[in-house]
Amino acid sequence: MPNPPQPSSAVLTPEAIAASVTGQDATVRAADDVARYALGLGDDALVLAQRLGSWIASAPELEEDVALGNIALDTLGHARSLLTYAGSAWDQTEDDLAYFRDEADFRCRQIFERPNGDFACTIVRQLVVSAYFTALYRGLAESTDATLAAIAAKAVKEVAYHLDHASLWTVRLALGTEESRRRTLTGLEAVWPFVDELFAADPAADAVPDAAVAPAGLREPFDALVLPVLARAELEVPAAPALRGGGRLGVHSEALGPLLAEMQVLARRHPGAVW
Amino acid sequence: MPAEDPPTADPAAAAAEAARLAAFDALIADDKRIEPTDWMPPAYRKALVRQMSQHAHSEIIGMQPEGNWITRAPSLKRKAILMAKVQDEAGHGLYLYSAAETLGTTRDEMLDALHSGKAKYSSIFNYLAPSWADMGSIGWLVDGAAIANQVPLCRASYGPYGRAMVRICKEESFHQRQGFEILLALMNGTDEQRAMAQESVNRWYAPALMMFGPPDAESPNSRQSMAWKIKRFSNDELRQRFVDMIVPQAEILGITLPDPDLRWNSERGHHDFGELDWAEFQDVLHGNGQANSLRLAKRRAAHAEGEWVREAARAYAERTATSERMAS
C-alpha cells in the first residue's frame, strides 16, 4: 500500500501535537470515530505510565531507576500525544481526559491496570506489553490517519528499546537463581491470563478500519516477538485460561479505581486550576 | 589504583615522597587537574571520596520527596517533567558514584556506608514535602542553592569530579527553572494555589540557606578543601550569592521570603539577611529531622528488596561467562 501522507516531523512531540490541535493556528482535528480509537490507545499508555512511575526511587539498582523512569516517560509521552489528539475531536485537553473522567469512561485494556507486583512481575508485564506495542505501532505507522501514523512512527523506535530491556531481564531472571526463576514463573502466571484481551475485538477500531490496526491481526507478530524470548528463558506459556477482559468497553479490574483516585486527587481538588 | 606507600625512615624514599608532594602542590597552584592515576596525598583522596559520595547519596535520597509526587502530579505535563527530573537525579547519582570509584572506593562500599548511617547526605532531604508546591520550592530554592554550590565545583581540582559536575550543572539549571515555573503557575492561579506556594516557600527558605553549611568560622573541613581547590568559595560567600540571586526572583513571583531582616544594603552591595537557626541545622544533621529515619528506611528497603534481583543478575552473568569459556 502507498505510504500515507506524513505530517512534518514537528508534529511528533506531545507539545507539537497540542499546538497543532489547539489554539488559533490549529490545523489538525481528529474525527470523532478516530478519536474514540485513539482514546483507548492513549488510556493503555497512560495507565501503564502511571504504574511504572511508582518504581522510581524503589528499583533494585540505580541503573533500573533510570531505565524504568525512562520507559515510564516514553510511555507517558505516547499517552499525551494520543489523548491530546483524541481530545481535539471534543474540545478537551489531555488533562480533561486524564483527570476528569471516571473509571467507567476509561478504555484501557486490563493488563495495563495490573499492579506492579515485584520486579519480576513488572518485567514480565513489560515484556508482554512492549511486544504488543511494537506490533501495534509498526502497524499504526502505516495508518491512513497522518497524525496517528506520526505518533506511531516515533513510538515504535522507543518501544523497541523497552522490548529489548524486558527481554534481557526476562532471560536473566528466569535463568538466574532459584528464587528469581520462581518469581518469574509467578509473574508469568499472573500476567498471562490478561494477554488474550489485547487481541480481542475493539469496536472503536472496527469503526475506522483504515486508520486503526485490527487487534486480532496483532496476535501473530506478538507471538513472533514474545515466544522466542520465553524459549530462551526456558519458560512455557502458562495453561491458565484467559480472563474475560472488556477494558475497551469500560469493564475494568478492581485495580483501576485506586490508581485513578491517586492520579486524579490533586487535580480534582482544584477544578479549573492551571498548573 | 596507585597504592599509597607506607611511611618510611629511608631518606631516599622520604625525598621521593617530598618530590611527589611538591609536584602535586605545583599542579594545584597552577590550576591544573589531578587525574585518577596521578599521585595524591591520602588526605586529599579521603576528602574527595567523602565529598563526592555524600553528593551522590544526596542525589539518590533526594529522589524520594519528589518521586512521591509523580503519581499525583496535577497535569500530565508536570508529571512528565517530574519524572524526567527524578530520573536525572538517579543519573547524577550514577556519574558521581562512578567518578568517586576512580579514587578506589566501590559503589557497594559507598552504598553500605549510606545504609549503615555512617555516610551523610544533604540534610535538606530530611525535611518533608507534603504539598505539591514543594515541588516548586525544591526546584527553585533547593536546586538553586545546589547550583550556587556546584557551579564552582566544575573547576574542582580533581578531573573526574569537575567533569561530572559540568553535565550535572546543566541539568540542575533546568531543574531550577522548572521549580520556578511551578511556583509562577501557582502564583498566577487561584487564591488557594497562591496560598499553597507561599506556605511552601515559608518552610523551605531557611533550610535552603542552611544548605551552604555552617558559617565559615565553624566549618572545619572548608579551609583545607579550599586550599586544595576542591572548593572555591566559602560557605558564607556562596550563601550571600544565593540570597542576592533569589531576592529579585521572589519579586517576579510575587512571593514573600519569610525573613523580616532581609533588605538591600547599598554599602555592601548585597542583601542583609537574618540569623539562621543553627541549632535546628545541627539537630537535623544529627538525625532528628522530620524525615531522617523515613528516608533511610525507604532507601534500605529498596536495596534489600532488590537483593534477589542483583543476585540473579550476578548468577546469570557468571553462568554466561562459564558457558562462553566452555565454548571457546
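Residues numbered from 1 in each chain as written. Chains lettered and ligands numbered in written order. Predicted model: local features only at pLDDT ≥ 70, side-chain atom pairs only at ≥ 80, totals over all residues. Heavy atoms only, no water.

A.B. asks: Please give an account of the pattern of salt bridges that cites residues and values.
C.D. replies: Following the criterion strictly, the structure yields 29 salt bridges over all chains and no others. Salt-bridge contacts for Asp102(A) lead to Arg268(A); the nearest nitrogen and oxygen are separated by 3.0 Å. Here Asp102(A) is found in the loop between helix H4 (94–99) and helix H5 (119–140), whereas its partner Arg268(A) is found in helix H10 (residues 256–269), with 166 residues between them in sequence. Taking the relative accessible area as the measure of exposure, Arg268(A) reaches 32% and is therefore partly exposed. Note that Lys85(B) and Glu89(B) form a salt bridge whose closest N and O atoms lie 3.1 Å from each other. In this pair, Lys85(B) and Glu89(B) are both assigned in helix H3 (residues 76–101), four residues apart and thus about one turn of the helix distant. (Salt bridge = Lys/Arg side-chain N within 4 Å of Asp/Glu carboxyl O. Helix = DSSP H or I, 4+ residues; strand = E, 2+ residues; numbered from the N terminus. Buried < 20%, exposed > 50% of the residue type's maximum accessible area, 1.4 Å probe, protein only.)

A.B. asks: Describe in detail the interface of chain A and chain B, supporting the description with residues and values.
C.D. replies: In this complex, chain A contributes 48 residues to the contact, which on the side of chain B involves 42 residues. Together, the buried faces of chain A and chain B total about 4,000 Å²; carbon and sulfur atoms form 68% of this surface. Here chain A is connected to chain B by one salt bridge. For Arg107(B), the salt bridge is made with Glu63(A), and the minimal N-O distance between the two is 2.4 Å. Between the two partners, chain A and chain B, sit 13 residue pairs in polar contact (both at pLDDT 80 or more). (Contact = heavy atoms within 4.5 Å. Buried area = accessible area lost by both parts, 1.4 Å probe. Polar contact = N/O pair within 3.5 Å; in protein donor to acceptor, adjacent residues only side chain to side chain.)

A.B. asks: Any details on the packing of aromatic side chains? Residues and values, ideally.
C.D. replies: All names here are of chain A. In the structure shown here, the tally under the stated rule is 17 aromatic pairs over all chains. Summarising the aromatic geometry, the rings of Tyr-132 and Phe-199 are spaced 6.1 Å apart at their centres and angled 75° between planes, so their arrangement reads as edge-to-face. Linking Tyr-132 in helix H5 with Phe-199 in the loop between helix H7 (178–191) and helix H8 (203–207), this pair joins segments that are 67 residues apart in sequence. Where Trp-192 meets Phe-222, the ring centres are 6.5 Å apart and the plane angle is 45°; that geometry is what we call tilted. Placement of Trp-192 in the loop between H7 and H8 and of Phe-222 in helix H9 (residues 219–232) is noted, with a sequence separation of 30 residues between them. Phe-222 matches Trp-192 in its accessibility class, with the two residues each being buried. (Phe/Tyr/Trp six-rings, centres within 6.5 Å; stacked < 30°, edge-to-face > 60°.)

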